[in-house]
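Listed below, chain by chain, are the residues.
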Amino acid sequence: MTALPLPTTRDAALALDAADPLRGLRDQFEIPPGLIYLDGNSLGVLPRATAARVQQVVQDEWGRGLIGSWNQAGWMALPQRVGDKIARLVGAGAGQLVCADSTSVNLFKVLAAALAIAAADAPAARAIVSERSNFPTDLYIAEALARERGCTLELAEADELPARLARGGVAVLMLTHVNYRTGRMHDMAALSQAAHAAGALVIWDLAHSAGAVPVDLLRDGADFSVGCGYKYLNGGPGAPAFVWAHPRHADRFWQPLAGWMGHAAPFEFNPGYRPAVGISRYLCGTPAVLAMSALECGVDSVLAAEAFGGMAALRAKSLALTDSFAGLVAARCGGHGLRLVSPQAAAQRGSQVCLARDEGAYAIVQALIARGVVGDFRAGDGAALPDILRFGFTPLYTRFVDAWDAVEHLRQVLASGEWHEPRFNQRHAVT
Ligand SMILES: *Cc1c(COP(=O)(O)O)cnc(C)c1O
């Protein structure tokens, strides 16, 4: 897609919205009036359908149907049914992906499975390799499993990964497709190919990708994948996550959380474990029915874009939004010490814009929130990693005028110095 011209006035931004073929999708959501919500990469907004659906599940299916609803209301099949819908968004086949547990737990399952396969096929390879700035929970899970399995965890910078793979000894390459701090997107096909050429398996975490950027797990050579339900999939706080294994791996070995829902016949109550065929063995315990019903509404809100070009159309709008925002920040907020850390190149950019600032990043974000512009702050390490102001652009419901207004507020916050006020400098537990 050719880049849209940068809007030079607020009216020009409104005109872009009026011409946007996806504009009607915003009506699916309850967005508080006047709020500019640029944090759908942390917690997606509430679909209008969700409250009524959850109420129906509570009152009718639970309240009246009681235990019979496991069969009659299809509760048992929820992990597969919602999984099949998510599969359409990430290039997986029907029956290959299930919803369950959290991203962290699912990562544990697939990393354990991948290490077991590597131990059988390439026993000399003992390293799990990941990116130093990967999301910490992913690294913690890998650190714990590496200790348990007697493997090593090696962290590298993104640009060093191909060379590290080429040196050999890598069992599993475990990466997050879009980096949570920088918005940088890896080339899934190229890195998967490099991993396979080095005899390694590759796991892709799609937490910041599913529903935000086009993903094609089968085409691009992924071996395993996990992802998050409460970010761009709008599943609600703590929504169940998802897990996918390539069909050639799904039936090899068990994942270690061998609960009864992953059993071939859970209601035989057999004392011995017999794993279900395919991805269903990646289930562990009873599905969280209420949460999964809400997640289904969120996933449906993304699938609604299929009528307007689907993920390709969402991607085009996402790039236009992030281009607009970054371009307007450069044009209108110069001289205030902001540096763009998300990639300029569209091919390397997820659906967020990240700005670094040496001082005051947290307080600036707080001052913006007080004005009704919700982004978030991610702390640096006081050394190489800078403090970051993070703005997520969910193309399903974010408008060009939101990008325009957010930049205007940012300009005013910086020009007035209001972020110095003490109330903006008190740290809360969740940033
Ligand atoms: C959001 C996110 C998670 C969240 O994991 P939970 O188990 O749901 O807390 C994990 N990994 C990445 C890369 C994320 O962005």
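Residues numbered from 1 in each chain as written. Predicted model: local features only at pLDDT ≥ 70, side-chain atom pairs only at ≥ 80, totals over all residues. Heavy atoms only, no water.

## Re the domain arrangement of the protein chain
Phase 1 of the analysis: According to the domain assignment, the protein chain contains domain 1 (10–47 + 310–425) and domain 2 (74–303).
Phase 2 of the analysis: Distance between the C-alpha centres of domain 1 and domain 2: 29 Å.
Phase 3 of the analysis: Between domain 1 and domain 2, the contact holds 33 residues from the first and 25 residues from the second.
Phase 4 of the analysis: The interface formed by domain 1 and domain 2 contains nine residue pairs in polar contact (both at pLDDT 80 or more). (Domains from an automatic or database assignment. Contact = heavy atoms within 4.5 Å. Polar contact = N/O pair within 3.5 Å; in protein donor to acceptor, adjacent residues only side chain to side chain.)

## Some points on the site of the ligand
Phase 1 of the analysis: As a structural note, the neighbourhood of the ligand is formed by Ser102, Thr103, Ser104, Phe135, Thr137, Asp138, Thr176, Asp205, Ala207, His208, Tyr230 and Lys231.
Phase 2 of the analysis: One nitrogen or oxygen atom from the side chain of Tyr230 is found 2.9 Å from an oxygen atom belonging to the ligand.
Phase 3 of the analysis: Protein contact buries 87% of the 390 Å² of open area that the ligand shows by itself.
Phase 4 of the analysis: Within the residue set of the shell around the ligand, elements represented by two or more residues are helix H5 (103–121) and helix H6 (136–149). (Near = heavy atom within 4 Å. Areas by Shrake-Rupley, 256 points an atom, 1.4 Å probe, with all protein chains shown as cover. Helix = DSSP H or I, 4+ residues; strand = E, 2+ residues; numbered from the N terminus.)

## So, empty space enclosed by the protein
Phase 1 of the analysis: Tallying each qualifying case throughout the model produces one cavity of 30 Å³ or more.
Phase 2 of the analysis: Taken as a whole, the largest cavity spans an internal volume of roughly 50 Å³.
Phase 3 of the analysis: Around the largest cavity, the lining residues are Arg26, Ile31, Leu35, Ile36, Tyr37, Leu38, Tyr397, Thr398 and Asp402.
Phase 4 of the analysis: Taken together, the residues that form the lining of the largest cavity break down as six nonpolar, one polar and two charged. (1 Å grid on protein atoms, 1.4 Å probe; cavity = no way out; pocket = protein on both sides within 12 Å on 5 of 7 lines; lining within 4 Å. Points joined across faces, edges and corners; volume = space filled by probe spheres on them. Nonpolar A, V, L, I, M, F, W, Y, C, P; charged D, E, K, R; others polar.)

## Thoughts on the pairing of strand E9 (residues 224–227)
Phase 1 of the analysis: Burial along E9 is two-sided: the residues Phe224 and Val226 and Ser225 and Gly227 are all buried.
Phase 2 of the analysis: Both strand E8 (residues 201–205) and E9 contribute to a ladder of three bridges, which runs parallel. In the sheet register, Ile203 faces E9, and the bridge partner there is Phe224.
Phase 3 of the analysis: Here four bridges tie E9 to strand E10 (residues 241–245), and the two strands are oriented antiparallel to one another. If you follow Gly227 over to E10, its bridge partner there is Phe242. (Buried < 20%, exposed > 50% of the residue type's maximum accessible area, 1.4 Å probe, protein only. Pairing = 2+ DSSP bridges.)

## Points about the layout of surface pockets
Phase 1 of the analysis: One number sums up the size of the largest pocket: a volume of about 450 Å³.
Phase 2 of the analysis: Every residue lining the largest pocket is counted, 19 residues in all, and those nearest its centre are Ser133, Glu157, Arg181, Thr182 and Leu385.
Phase 3 of the analysis: The residue inventory of the lining of the largest pocket, partitioned by class, reads eight nonpolar, four polar and seven charged.
Phase 4 of the analysis: By volume, the second largest pocket amounts to about 250 Å³.
Phase 5 of the analysis: Residue lining of the second largest pocket: 15 residues in total, with Ser42, Asp376, Arg378, Arg390 and Val430 positioned closest to the centre.
Phase 6 of the analysis: Within the lining of the second largest pocket, the residues separate by chemical class into six nonpolar, four polar and five charged.

## Observations regarding the environment of Arg26
Phase 1 of the analysis: Within the secondary structure, Arg26 is located in the loop between helix H1 (10–18) and strand E1 (29–30).
Phase 2 of the analysis: Along the backbone, Arg26 and Thr398 are 372 residues apart, and their C-alpha atoms lie at a distance of 7.5 Å.
Phase 3 of the analysis: Apart from residues lying up to four places away in sequence, Arg26 is in contact with Ile31, Leu396, Tyr397, Arg399 and Asp402.
Phase 4 of the analysis: One polar contact links the side chain of Arg26 to the main-chain carbonyl oxygen of Tyr397, over a distance of 2.6 Å.

## A short note on unusual backbone geometry
Phase 1 of the analysis: The backbone of Leu66 sits at a positive phi, close to 45°, despite the residue not being glycine.
Phase 2 of the analysis: Secondary-structure assignment places Leu66 in the loop between helix H2 (48–64) and helix H3 (69–72).
Phase 3 of the analysis: Not every positive phi belongs to a glycine, and Phe269 is a case in point at roughly 50°.

## Notes on the sheet that holds strand E12 (residues 352–356)
Pairing between the strands of a sheet comes from backbone hydrogen bonds, and it takes one of two forms, parallel or antiparallel.
Phase 1 of the analysis: Spatially, the four strands line up as an open sheet ordered E11-E12-E15-E14, and their pairing is antiparallel. Each of the sheet's edge strands pairs with one partner strand only, and the pair in question is strand E11 (339–340) and strand E14 (376–378).
Phase 2 of the analysis: Summarising the sheet, E14 and strand E15 (residues 388–392) pair through three bridges and their orientation is antiparallel. When the sheet's bridge partners are listed, Asp376 is paired in E15 with Arg390.
Phase 3 of the analysis: Contacts from helix H11 (residues 310–332) reach E11, E12 and E15 within the one sheet, and its direction differs from that of E12 by about 25°. (Axes fitted to C-alpha atoms, helices over the stretch in contact; angles between N-to-C directions.)

## Some words on the pattern of salt bridges
Phase 1 of the analysis: Considering all chains together, one arrives at 30 salt bridges under this definition.
Phase 2 of the analysis: For the salt bridge of Asp405 with Arg10, the shortest nitrogen-to-oxygen distance reads 2.7 Å. Placement of the pair is Asp405 in helix H13 (residues 400–416) and Arg10 in helix H1, with a sequence separation of 395 residues.
Phase 3 of the analysis: In this structure, Arg423 engages Glu421 in a salt bridge whose closest nitrogen and oxygen atoms are separated by 2.8 Å.
Phase 4 of the analysis: When its relative accessible area of 53% is taken as the criterion, Arg423 is described as exposed. (Salt bridge = Lys/Arg side-chain N within 4 Å of Asp/Glu carboxyl O.)

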